[in-house]
Amino acid sequence: MELPKFILGDNTDLPNAIFVIHTEFPRFIINLEDDDVEWFEDFDQHDEKELEMETENLIKEATAFYDREVARYEE
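Now for a look at the structure at hand. Since the structure is predicted, the reported quantities are computational estimates derived from the model, not experimental observations.

**Considering the pattern of salt bridges**
Evaluation of the coordinates by the stated rule reveals five salt bridges. One salt bridge in this structure joins Glu56 and Lys60, with 3.3 Å as the shortest N-O distance. With Glu56 and Lys60 both in helix α1 (residues 45-74) and four residues apart, the pair spans about one turn of that helix. Two residues, Arg72 and Glu69, come together in a salt bridge whose shortest N-O distance is 3.7 Å. Of this pair, Arg72 and Glu69 both sit in helix α1, three residues apart, which is roughly one turn of the helix. Assessed through its relative accessible area of 15%, Glu69 is described here as buried.

Here is the structure:
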């Protein structure tokens, strides 16, 4: 199965949370309500340095994906 790069998620236990799931490496879930990120990967020191540089871009992409999806729902 081919997954999209980003997937929206929600949960009735957290009604204000808006989750975006990033399915490619490095896999993570971000809660756009508070920008809390949960990584599905384990990183070593080398990975962490690279991840720091990439994280800001990934969060911007996740936010842009959410904005695009919401705009499509409103159409």
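**Some words on the packing of aromatic side chains**
Across all of its chains, the model carries four aromatic pairs by this definition. Where Phe6 meets Phe65, the ring centres are 5.5 Å apart and the plane angle is 25°; that geometry is what we call stacked. Of this pair, Phe6 sits in strand β1 (residues 6-9) while Phe65 sits in helix α1, and the two are 59 residues apart along the sequence. Taken individually, Phe6 and Phe65 each receive the classification buried, so the pair is uniform in this respect. Through a chain of ring-to-ring contacts, the aromatic side chains of Phe25, Phe28, Trp39 and Phe43 assemble into a single cluster.

Cut-offs used in this document
- Residues numbered from 1 in each chain as written.
- Predicted model: local features only at pLDDT ≥ 70, side-chain atom pairs only at ≥ 80, totals over all residues.
- Heavy atoms only, no water.
- Salt bridge = Lys/Arg side-chain N within 4 Å of Asp/Glu carboxyl O.
- Helix = DSSP H or I, 4+ residues; strand = E, 2+ residues; numbered from the N terminus.
- Buried < 20%, exposed > 50% of the residue type's maximum accessible area, 1.4 Å probe, protein only.
- Phe/Tyr/Trp six-rings, centres within 6.5 Å; stacked < 30°, edge-to-face > 60°.

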